[in-house]
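Each chain is listed here by its residues.
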Amino acid sequence: MLRLYDYLLSANCYKPRLLLSMLDVPHDLVPVEFYPGREHESAAFRKINPLGHIPVIEDDGFILRDAHAILVYLAGEYDPARTWYPTADPRLLGGVASWLQFAEGTADTASAARLCVNFGYEFDLEACVAGAHRLFRVLDEHLWFREQEGLDWVAPAAAPTVADIALFPDVALSEEGGISREDYPSLRRWTERVQRLPGFIDMPGVLPVAPLPYPPT
Amino acid sequence: MTAPDPASLLHPVAAGADLMPRHVVRSRLLGRRLAIWKADDGFVNVWEDRCIHRGMRLSAGVNDGAELVCQYHGWRYSNRNGNCVYIPAHPGEAPAGGLRVATFACAEKYGLVWSGGSPDAEPPSIPALEGGEVLVLRSLPVNAPAALVLEGLAGYSFRPTAALGTDTPITTSADAGNPHSVTVTATTTGAESSVVFFIQPAEAGRCVIRPVLSAAPAPEERLATLRHHARALEELRAQLEDSSPAEAAVALPLATLEPLRSGGTAGAAGGRHPQLQVRVARKWVCAEGIAAFDLAPVAGELPSFQPGAHLDVHLPNGLVRQYSLTNGPDLTGVYRIGVKLVPEGGGGSRCMHQSVHEGDALDISTPRNNFTLRRDAARTLLIAGGIGITPLLAMAQTLARQGLTWELHYFAQSDDHVAFDEMLAPLAEGVTTYCGLSPQETGAELTRITRHYGPMQHAYLCGPGPMIDTARSIAAEAGWPTEAVHFEYFKNESARDDSSAFDVTLARRDQTLRIGAGMSLLNGLRNAGIDLPSSCEQGACGTCIATVLGGEPDHQDVYLNDSERAAANRMLTCVSRAKSGQLVLDL
């Protein structure tokens with residue numbers, strides 16, 4: 001059985017948890033006490049990941065760290081339709097990779113702000129918040145134009161990709177770090193679309209949305 | 001020229017396209033946070049973004065299409081008037097009438113949603129946008145004061161769609177026709193185009209630019225046009241934010257917006273006074289001997305109601321009658337009631353059938369609910385006899401909309417007596433009708449229907465007296481506790497005895513009244529100036545209930561269940577009296 005070294009309140013661990021659920025992959029969660037125990041930095045955990053980070057997965061002896069790398073692996077291994085990580089279309093694939101890189105930015109700003117506020121990390125909170133707003137402005141405009149083209153997701157495909165999963169937690173939890181989404185109406189609509197995907201699971205801080213009256217068949 | 005008070009005008013607060021189904025838009029105007037949502041009936045609600053319970057933002061809530069649900073403790077607010085209609089922590093009680101979120105005026109024009117100002121204020125009229133199809137461009141929030149932004153927008157430069165990708169010379173002119181918008185017109189050989197920039201003053205130092213293009217381009221040029229303006233506006237924003245003072249030195253007048261109050265004149269809370277005037281918008285025969293009425297407001301929005309609610313209708317012949325609302329949460333804008341003709345009755349139903357017509361005005365009370373529906377049951381059984389379908393129909397629609405588990409069993413004299421077909425049809429999966437059964441057959445069906453009781457199940461009964469009596473005793477035998485069986489009688493058919501005389505002490509007033517034989521406690525209280533609300537005045541509806549602090553009540557109503565009677569801590573003042581010589585009431 002696939003194992004995910006996980007912490008419930010971590011935005012980065014939520015990413016693989018979400019995709020595992022959406023792909024319906026059976027798995028075991030191995031809780032790592034990130035806060036306050038800092039178990040991810042313990043000698044025992046460094047044997048699994050010398051960098052002392054979560055998440056990490058272990059799949060039949062194969063160990064992989066870093067949230068976005070794990071998303072790419074899971075989509076490649078467990079999505080026979082090849083829509084979550086669309087290797088058949090080089091331009092689309094390039095777009096997905098570019099948004100994964102963008103999500104490193106949201107993790108370093110929006111999610112870092114949340115680490116300051118909720119978990120006592122001593123980053124420059126003001127810089128994190130300002131950086132997150134810069135990125136959210138770009139993403140909101142991008143998603144607004146996607147809507148104008150009749151498309152729902154971050155990458156220009158009919159189906160969601162790992163880029164949506166990589167961005168969702170940083171965006172959906174941003175207000176815990178003091179980053180309001182009032183100025184980003186397209187971003188607010190996109191998070192609701194992600195939440196309505198089959199297999200979506202929430203985490204503390206992600207509030208449920210209303211089901212649509214006539215769910216698309 | 002003195003600028004008009006910004007708080008008295010309508011301002012844009014969202015784009016019409018932002019109001020997606022089952023979505024709640026978060027916005028802000030003059031420092032006031034707004035939650036904006038469109039119900040399934042198309043009504044756009046602009047509310048203060050604050051649950052009246054614990055202050056949670058309603059824009060984080062769930063729009064279920066007819067009610068907005070707060071994420072914190074699940075308080076539900078109804079479409080149109082913002083009244084709280086359900087509090088999960090008090091599942092068996094109707095929320096008090098005053099529990100209501102602040103609502104604001106709303107209008108839609110030029111593809112934008114407008115709010116603020118007085119209820120009769122109108123969005124501005126801009127000549128450039130009249131008489132043609134417009135295109136709403138992407139709005140842009142700016143961290144700069146509105147005055148500075150308006151000034152900067154006058155210098156906006158763009159190319160008309162027909163001249164995109166060319167380098168023909170462009171001339172632009174700006175016209176600040178009103179203090180809250182700027183019209184910029186670009187002209188080139190053979191092409192002219194205007195953009196109107198409306199400003200949403202969000203708060204001091206921050207506003208939202210909402211641009212509208214005068215002539216919608218052809219579909220194939222739409223995206224290019226949108227991108228052209230988005231880029232130009234983005235550039236302008238960068239300049240504005242750079243030159244904006246770091247501290248918001250130009251403060252906007254953060255005036256408080258007055259909530260829109262509506263729903264007719266509020267009458268006195270007590271007594272049986274009409275509180276609202278309505279118009280009979282539609283009257284039709286919905287089954288053999290049953291007339292249905294849609295009652296529409298004369299002005300404003302009707303006060304909200306919960307499933308199980310009834311209202312008093314003050315008839316032209318002077319009688320006052322109670323009718324249950326059949327409305328589910330989706331039927332807004334009217335109260336729908338059903339009236340069964342009872343030829344040998346007191347004249348109420350005859351008057352409704354024969355003398356009340358479409359277009360007539362009627363005086364009514366606001367809806368009251370003493371037959372409240374819990375929305376936390378594992379399974380809800382609804383059992384209707386005849387015209388008793390009316391409150392249960394409202395309940396079935398509410399439970400169906402929320403995806404809860406329910407079944408409706410409807411006993412009628414014949415197929416022709418089955419009322420409200422068109423409202424039952426969408427509920428068909430949960431509805432079973434029984435026509436023309438004898439009392440024995442009805443009893444057998446009731447035994448079958450109630451045979452499986454489980455924890456957190458609730459049953460609601462409404463119908464003729466003998467049927468409710470039978471259903472209650474059958475349910476009790478099947479193990480249903482009295483708390484789980486809720487009922488509403490049409491009328492109190494039990495023999496009543498008002499020969500007793502007693503004293504009643506009003507604990508909060510330190511006053512004692514003598515209630516003599518032949519006088520009701522309710523009238524005794526009214527004679528002493530205590531105007532208790534009442535409705536049916538025969539012990540069936542529960543409106544005139546009072547809390548008993550001492551003494552033994554002589555219950556003569558059909559509203560309280562057996563355990564409530566035994567508890568002896570509440571009584572209906574219209575028919576019930578005292579077994580002891582003295583009663584103490586919490587009045």
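Residues numbered from 1 in each chain as written. Chains lettered and ligands numbered in written order. Predicted model: local features only at pLDDT ≥ 70, side-chain atom pairs only at ≥ 80, totals over all residues. Heavy atoms only, no water.

Draft legend 1. Up close: the pairing of strand β31 (residues 545-550) of chain B. All names here are of chain B. By the bridge criterion, three bridges tie β31 to strand β33 (residues 570-572) in an arrangement that is antiparallel. For T547, the partnering residue across the bridge sits in β33 and is R570. Relative to strand β35 (residues 582-585), β31 runs antiparallel, the two being bridged by two bridges. When the sheet's bridge partners are listed, V548 is paired in β35 with L585. (Pairing = 2+ DSSP bridges. Helix = DSSP H or I, 4+ residues; strand = E, 2+ residues; numbered from the N terminus.)

Draft legend 2. A look at the sheet that holds strand β10 (residues 106-109) of chain B. Residues and elements named next belong to chain B. Pairing is antiparallel in the open sheet, where three strands are placed in the order β1-β11-β10. Whereas interior strands pair on both sides, the edge strands pair on one side only; in this sheet they are β1 (11-15) and β10. With direction set aside, neighbouring strand axes in the sheet form an average angle of 35°. Where β1 meets strand β11 (residues 112-115), four bridges bridge the pair, whose relative direction is antiparallel. The residue of β11 that forms the bridge with A15 is L112. (Axes fitted to C-alpha atoms, helices over the stretch in contact; angles between N-to-C directions.)

Draft legend 3. Local environment of the pattern of salt bridges. For the structure shown, the criterion picks out 43 salt bridges over all chains. We note a salt bridge from D140 of chain A to R138 of chain B, for which the minimum N-O separation is 2.6 Å. Of this pair, D140 of chain A sits in helix α5 (residues 125-148) while R138 of chain B sits in the loop between β12 (135-136) and β13 (140-142), on two different chains. What makes R138 of chain B buried here is its relative accessible area of 10%. The partner of R189 of chain A in a salt bridge is E147 of chain A, with the nearest N and O atoms 2.8 Å apart. (Salt bridge = Lys/Arg side-chain N within 4 Å of Asp/Glu carboxyl O. Buried < 20%, exposed > 50% of the residue type's maximum accessible area, 1.4 Å probe, protein only.)

Draft legend 4. The domain arrangement of chain A, seen in detail. Residue and element names in this part refer to chain A. When the domains of chain A are assigned, the result is domain 1 (2-78) and domain 2 (90-195). Each of domain 1 and domain 2 has a C-alpha centre, and the two are 21 Å apart. Counting from both sides, the interface comprises 16 residues of domain 1 and, opposite them, 16 residues of domain 2. Across the interface of domain 1 and domain 2, roughly 1400 Å² is buried in total on both sides, 74% from carbon and sulfur atoms. Broken down residue by residue, the surface that domain 1 buries against domain 2 is led by A11, K15 and H68, which jointly contribute 33%. At the boundary of domain 1 and domain 2, one finds one salt bridge. (Domains from an automatic or database assignment. Contact = heavy atoms within 4.5 Å. Buried area = accessible area lost by both parts, 1.4 Å probe.)

Draft legend 5. Seen up close, empty space enclosed by the protein. All names here are of chain B. Scanning all chains against the criterion turns up five cavities of 30 Å³ or more. S78, S304, F305, P329 and T332 are the residues nearest the centre of the largest cavity, which is lined by 23 residues in total. Its residues placed into classes, the lining of the largest cavity shows nine nonpolar, ten polar and four charged. When its volume is computed, the second largest cavity comes out at roughly 60 Å³. Taken together, V85, Y86, P91, E93, A94, P95, Q306, P307, N369, T372, L373 and R375 form the lining of the second largest cavity. Each residue belonging to the lining of the second largest cavity can be placed in one class, and the counts come to seven nonpolar, three polar and two charged. (1 Å grid on protein atoms, 1.4 Å probe; cavity = no way out; pocket = protein on both sides within 12 Å on 5 of 7 lines; lining within 4 Å. Points joined across faces, edges and corners; volume = space filled by probe spheres on them. Nonpolar A, V, L, I, M, F, W, Y, C, P; charged D, E, K, R; others polar.)

Draft legend 6. Fine view of the packing of helix α3 (residues 67-78) of chain A against helix α6 (residues 162-172) of chain A. All names here are of chain A. Between α3 and α6, whose axes approach to 10 Å, the crossing angle comes to 145°. Like other packed secondary-structure pairs, α3 and α6 cross with a definite hand, here right-handed. Here H68, L71 and A75 of α3 lie close against α6, whose contacting residues are V162, I165 and A166. Counted by class, the contact of α3 with α6 contains five nonpolar, one polar and no charged residues. (Left-handed = near helix turned anticlockwise from the far one by under 90°.)

Draft legend 7. View of the domain arrangement of chain B. Split into domains, chain B comes out as domain 1 (1-117 + 259-264), domain 2 (128-256) and domain 3 (502-585). The C-alpha-based centres of domain 1 of chain B and domain 3 of chain B are spaced at 40 Å.

Draft legend 8. Focus on the interface of chain A and chain B. Residue-level contacts link 22 residues of chain A with 31 residues of chain B. Overall, the association of chain A and chain B removes approximately 2400 Å² of surface from exposure, summing both partners, and the carbon and sulfur fraction of that is 47%. The largest share of the area that chain A buries against chain B comes from R137, E182 and R188 of chain A, three residues that together contribute 28% of it. Across the chain A-chain B interface, the total number found is eight salt bridges. The residue R137 of chain A makes a salt bridge to E241 of chain B at a minimum N-O spacing of 2.7 Å. At the boundary of chain A with chain B, the tally comes to 14 residue pairs in polar contact (both at pLDDT 80 or more). (Polar contact = N/O pair within 3.5 Å; in protein donor to acceptor, adjacent residues only side chain to side chain.)

Draft legend 9. Representation of the sheet that holds strand β6 (residues 67-69) of chain B in the model. All names here are of chain B. Ordered in space as β5-β6-β7-β8, the four strands form an open sheet in which the pairing is antiparallel. Only two strands of the sheet have a single partner each, and these edge strands are β5 (62-63) and β8 (84-86). Taken together, the two bridges between β5 and β6 define a ladder with antiparallel strand orientation. The partner of N63 across the bridge, within β6, is L68.

Draft legend 10. Broad picture of the nonpolar core. Ranked by size, the top nonpolar core spans 57 residues in total, and within it L19, L74, W84, V162, F168 and W190 of chain A carry the most contacts. Elements with a contribution of two residues or more to this core: β1 (2-6), α1 (11-22), α3, α4 (90-119), α5, α6 and α7 (185-195) of chain A. Per-element tally for this core: the top contributor is α4 of chain A, with nine residues. When residues are assigned to domains, this core turns out to be shared by domain 1 (2-78) and domain 2 (90-195) of chain A, each giving three or more. With residues up to four places along the chain from it excluded, the contact list for W190 of chain A reads L143, D152, W153, V154, D164, L167, F168 and V171 of chain A. Grouped together as the second largest cluster of nonpolar side chains are 29 residues, L373, I389, W406 and M423 of chain B included. (Core = buried A, V, L, I, M, F, W, Y, C linked by side-chain atoms within 4.5 Å.)

Draft legend 11. Fine view of unusual backbone geometry. Residue and element names in this part refer to chain A. P36 follows Y35 through a cis peptide bond whose omega is 0°. With respect to the helices, strands and loops of the structure, P36 is situated in the loop between β2 (27-31) and α2 (43-46). Each neighbour pair has its own omega, and for I54 with P55 the value is 5°, a cis peptide bond. Among the secondary structure elements, P55 is positioned in the loop between α2 and β3 (56-59). One non-glycine residue, D24, lies in positive phi territory at about 60°. Positive phi values are uncommon outside glycine, yet R82 reaches one of about 60°. Among the structural elements, R82 can be located in the loop between α3 and α4.

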